[in-house]
Amino acid sequence: MSVSTTQKIIYPDSDGQPMADNTKQFRWIVLIKENLELLFANDPNVFVAGDLLWYPVEGHPEIRVAPDAMVVLGRPKGDRGSYRQWEEDNIAPHVVFEILSPGNRVKEMTRKLQFYERYGVEEYYIYDPDDNELEGLQRREGNLELVEEINGWVSPRLGIRFILTSETLAIYRPDGRKFLSSLELEQRAEQANQRAERLAEQLRALGIDPEA
């Protein structure tokens, strides 16, 4: 392909579709994406994104999909308008997540499964918050195959554990800490600050400088 031809091809940064169809779906997308970012915050070579268009094939802007959340191991953090695989050492997203809504049921998920299977995704997780159902697929011998027992499953790539209760899905980091919402994370941080301040006050009362 010539340079002049390549320059004429446009890879839009948006497909014109909303990130989520409702507040519940949006909440789950944000929870998973933000907690994955926290999980890999200290690793400069893990890229996490939400609702970002992924173009796997150079020269074909029509071949694209925007996972609700995705993790790419071995690629640097940083802002991107889209994920153009040929500009990323040709590394496909390793793990993708989709959150179901009434507007993206069986037909849409079937299309995405075929896409992810064809273009190299290793793990694919689909959660339906309305029916509290989780499915996981793992690449085996070139195909994405269903994980037979998803409750208690640990992602081989991410090390996170999925626990389905009778009411909802809980996801745990490798260190046992639960994925929390932004509000819950803020509350945890505030509680930790309050405990630290109380300890400092106790030390001062004993004549000990906590800053020393």
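Refer to the structure presented above.
Within every chain, residues take consecutive numbers counted from 1 along the sequence as written. Local features in a predicted model are, by the rule used here, given only for residues with pLDDT of at least 70; side-chain atom pairs are given and counted only at 80 or more, and totals for whole chains, interfaces and linings are based on all residues. In computing side-chain values, all of the structure's heavy atoms are included and hydrogens and water are not.

**Q** Hey, could you run me through the nonpolar core in this one?
**A** One broad rule of soluble globular proteins: the nonpolar side chains tend to lie buried together. What makes a nonpolar core is a set of buried Ala, Val, Leu, Ile, Met, Phe, Trp, Tyr and Cys residues whose side-chain atoms join them at distances within 4.5 Å. Any residue under 20% of the maximum accessible area for its type is buried, any over 50% is exposed, and the rest in between are partly exposed; the area is computed with a 1.4 Å probe on protein chains only. Formed by 27 residues in total, the largest nonpolar core has its most connected members in Ile32, Leu36, Val71, Phe97, Leu158, Ile160 and Phe162. Put simply, the parts of the chain that give this core at least two residues each are helix H2 (23-39), strand S1 (46-49), strand S3 (69-73), strand S5 (95-99), strand S6 (123-128) and strand S10 (169-172). In this structure Val71 touches Leu36, Phe40, Val46, Phe47, Val48, Pro93, His94, Val95 and Leu158, once residues within four positions along its chain are discounted. Numbering goes from the N terminus for both helices and strands, where a helix is a DSSP run of H or I of at least four residues and a strand is a run of E of at least two. Whether two residues are in contact is decided by their heavy atoms, any of which lying within 4.5 Å being enough.

**Q** What is the right way to look at the side chain of Gln25 in this model?
**A** Inspection of the secondary structure puts Gln25 in helix H2. Here Gln25 falls in the buried class, since its relative accessible area comes to 3%.

**Q** Looking at this model, I keep getting lost on the sheet that holds S3. Mind explaining?
**A** Pairing between sheet strands relies on hydrogen bonds along the backbone, with the strands arranged either parallel or antiparallel. For two strands to count as paired, DSSP must find a minimum of two bridges between them. Read from one edge to the other, the open sheet built from 6 strands follows the order S1-S3-S5-S6-S7-S8, with strand pairing classed as mixed. Lying at the two open borders of the sheet, with one neighbouring strand each, are S1 and strand S8 (143-146). On average, each strand axis in the sheet is tilted by 15 degrees relative to the strand beside it, whichever way the strands run. Pairing of S5 with S6, which is carried by 5 bridges, proceeds in the parallel orientation. Lines fitted to the C-alpha atoms define the axes, with helices restricted to the stretch that makes contact. Angles between their N-to-C directions range from 0 to 180 degrees.

Geometric values such as these leave the question of function open.
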